[in-house]
Every structure is written in structure tokens, then in C-alpha cells.
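# Summary of the model geometry
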Amino acid sequence: HDSDPDDDDDDGDDGDDVALTPADALQYRVAGLDPQTARPPPPFPHAAATRTEPKLSPAAIQKELASLDPPVYASGLSSTARVTSASSQPPTNLRQHHLGVMTAVMHSCLLKGDYQRAGRAWGMILRGNYHGKSMDVRTSGRWGVGAEILLHRYSQKENNAVDLLFTEEGFKAARDYYERLILEYPYRQTHQRFTNSLTFYPAMFGLWIHEICETKNASIAMIEKSSNNTSDLDDDTAESMSDIEDREAQIIAVKAKELKQAKELAQRLDELFLSPPFDKHADLLRLRGMVSLWIGDL
């Protein structure tokens, strides 16, 4: 007998559905595809099929906007604006080259002892813009270079009293530098591996201790040198008892000043230990114990 063509189509469709394995049918269903459609090319079903979509360039966008009724013209997408924007941003490789050159200049000046020029090169590095961001002084331990430059920039080239490697101004500038780093890069629980105040505090306190000891040694050396110069003026006359007492009184005053400064440092450490995680920091706790022994000896 004659059969209806529609019935044949339905039977064919059912046959195609039955030909699919359960795994294939599941893949089609998950992908949202009709079982009658052709299987997408690899990497389907492990990844979505790649689609090649035309990229819209600024010129194509402007042309499409101009074809509207009424037309729309975007001045920001004009060729002149694009050229101006591109010229205002130097290529990344030029910025990296500039960073390399300034770093080489800075290290060359440091090796020659020219800390004034090294400081200017360091300032240019910090003011630079790399990959849209300013220089992070924590990268590759650059933060230590800044403290060294500040210490030596204020060094005394000529000192008739004693030979000092660093001056009070240099110590103060370096300590202020560490204070700014501590405020700018505080400790964060979510970024424990980053260089933060846990690194800067021991460096600052170590510099502070060195400053106190250096100042005390320089003051005592100045007193001893002044006493020797006084005795050389009159070799035949023995040093009087009053001169000895004056020298000892000056030395006691210097040590009293050292004790006062050491107590100020210890108080700063105690205030720091009031908040975590500094109260459990091994280096700071060890430093506090050594400061206590130092104060006890004074």
C-alpha cells in the first residue's frame, strides 16, 4: 500500500535518534544541540568549538556608526586621536630600556662613591612608570638601596674632630625613609609572603641601635682628643685633678644620653609588641632581649 511521506520522515528521524549512543545523546543534550545537526569539530566535546568572529577595529566601529540613520560620529575613535594617544605612551620596551640604563648609572655611581648622582638616578627610577604602574621599591630588594644612599649622602667628608662614616642627618633621613616604608607597606594577613613592615622594622631598629652607638663612640673620642690636645699644650705640667673630673663627668653625661636613647628604643619596641603579629615575631623578640641586656650594662 502507499505510505505517507511524512510517516517515512518520522520513521527516519526516530532511526537517527536510536542510532545515537547514550553517551552521544548526553553530550548533545548538555551542549544544547539538536541530535539531527552535525557533530561539531574537535575539540568538542572536551571544549567549546572555536568561533572565528571578525575583530572590530576603531575604523570599522566608526564606519558602522556613520552608517546609522541618523549617523553617529565618535571623535574619540578618529585616526588623529589614535595617533595622539599612541604617541603619548612610549612603547614598553623603551621604558624597560630606560629602567636598565638608570639602574646601571645608579650602580656605577654607588661603586664610585658618588652618592649625590646615585640619589638622583634613584629618584628618576622611582618616578618612572612601568607597565602602567610606578616602581615598587620592594622588588629585588631595592628598598635597601634607598637607605644606603640616604646614609651616605649626608656623610661628612671632612671632620676635624673624629672620623665619622655617617652623620646625624644621614641617620635621621634613613630612619624617616624606613618609617615611610612601614606606613606604605603594612603587614597584611592575605599577603604574608610580600615584603612588608615585618621586614622594615628590624632594619629600622638595627639602624637606630647603630646610630646610638656611633654617636656615643664619636662623643667619647672627641672628649679624649680634646683632653690630649690640652695636655700637649703644657707637657711639663701634669694633668690636674679638675681636668680628670671634668673629662669623667663628660663621659658620664654621654653614657647617660646613650641610656636615655636606649630606653626610648625599648619603649618603641614594647609599643610595637602590643599588636599582632609583631608580638610573635622572632627577630623582634630577640632584638628586645638584646636591648634589655644593653640597658642593663649601661
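Refer to the preceding data block for the structure.
So, here's what we can say about the structure. (Residues numbered from 1 in each chain as written. Predicted model: local features only at pLDDT ≥ 70, side-chain atom pairs only at ≥ 80, totals over all residues. Heavy atoms only, no water.)

Attention now moves to the pattern of salt bridges. Scanning the model with the defined rule gives seven salt bridges in all. In this structure, glutamate 179 engages arginine 268 in a salt bridge whose closest nitrogen and oxygen atoms are separated by 3.1 Å. Within this pair, whereas glutamate 179 is found in helix α8 (residues 168-184), its partner arginine 268 is found in helix α10 (residues 241-272), the two being separated by 89 residues in sequence. Of the residues examined, arginine 268 reaches a relative accessible area of 22% and is grouped as partly exposed. Between aspartate 283 and arginine 286 there is a salt bridge, with its nearest N and O atoms 3.2 Å apart. Of this pair, aspartate 283 and arginine 286 both sit in helix α11 (residues 282-297), three residues apart, which is roughly one turn of the helix. Taking relative accessible area as the criterion, aspartate 283 reaches 44% and is therefore assigned partly exposed. (Salt bridge = Lys/Arg side-chain N within 4 Å of Asp/Glu carboxyl O. Helix = DSSP H or I, 4+ residues; strand = E, 2+ residues; numbered from the N terminus. Buried < 20%, exposed > 50% of the residue type's maximum accessible area, 1.4 Å probe, protein only.)

On to helix α7 (residues 143-153). Taking burial as the measure, the 11 residues of α7 include eight buried ones, the bulk of the element. Every buried residue belonging to α7 is among Trp143, Val145, Gly146, Ala147, Ile149, Leu150, Leu151 and His152, and all of these are buried.

When you line up the elements, leucine 181 lands in helix α8. Since its relative accessible area comes to 4%, leucine 181 is described here as buried. With 43 residues separating them along the chain, leucine 181 and arginine 138 place their C-alpha atoms 9.4 Å apart.

With respect to the helices and strands, asparagine 196 occurs in the loop between α8 and α9 (197-233). Judged by relative accessible area, which is 3%, asparagine 196 ranks as buried.

With that out of the way, let us pick up the packing of aromatic side chains. One pass over the structure, following the stated rule, counts eight aromatic pairs. Ring plane angle 80° and centroid distance 5.2 Å describe the contact between tryptophan 143 and phenylalanine 200, whose orientation is recorded as edge-to-face. Residue tryptophan 143 is located in helix α7, and its partner phenylalanine 200 is located in helix α9; the two are separated by 57 residues in the primary sequence. Relative accessible area serves as the criterion here: at 16%, tryptophan 143 is assigned to the buried category. (Phe/Tyr/Trp six-rings, centres within 6.5 Å; stacked < 30°, edge-to-face > 60°.)

What follows concerns empty space enclosed by the protein. Space left empty within the atom packing is revealed by a probe, the size of a water molecule, rolled over the atoms. Per the stated rule, a full pass over the model turns up one cavity of 30 Å³ or more. Each pocket or cavity is described by its volume, and for the largest cavity that value is around 60 Å³. Lining the largest cavity are Ile212, Thr215, Lys216, Ser219, Val254, Lys257, Glu258 and Gln261. Those elements that place two or more of their residues in the lining of the largest cavity are α9 and α10. (1 Å grid on protein atoms, 1.4 Å probe; cavity = no way out; pocket = protein on both sides within 12 Å on 5 of 7 lines; lining within 4 Å. Points joined across faces, edges and corners; volume = space filled by probe spheres on them.)

Before going further, it helps to spend a moment on the nonpolar core. Ranked by size, the top nonpolar core spans 48 residues in total, and within it Met106 and Phe205 carry the most contacts. If you list the elements that add at least two residues to this core, you get α5 (92-112), α6 (115-127), α7, α8, α9, α10 and α11. If you tally residues by element for this core, the top one is α9, at nine residues. When sequence neighbours within four positions are dropped, the list of residues in contact with methionine 106 reads Ala118, Ala121, Trp122, Ile125, Val145 and Ile149. (Core = buried A, V, L, I, M, F, W, Y, C linked by side-chain atoms within 4.5 Å. Contact = heavy atoms within 4.5 Å.)

This paragraph deals with the packing of α6 against α7. Relative orientation of the contacting elements α6 and α7 amounts to 145°, with a least axis distance of 9 Å. You can see that α6 and α7 cross each other, and the crossing is left-handed. Facing Tyr115, Gln116, Ala118, Gly119 and Trp122 of α6, the residues of α7 in contact are Gly146, Glu148, Ile149, His152 and Arg153. Partitioning the contact of α6 with α7 into residue classes produces four nonpolar, four polar and two charged. (Axes fitted to C-alpha atoms, helices over the stretch in contact; angles between N-to-C directions. Left-handed = near helix turned anticlockwise from the far one by under 90°. Nonpolar A, V, L, I, M, F, W, Y, C, P; charged D, E, K, R; others polar.)

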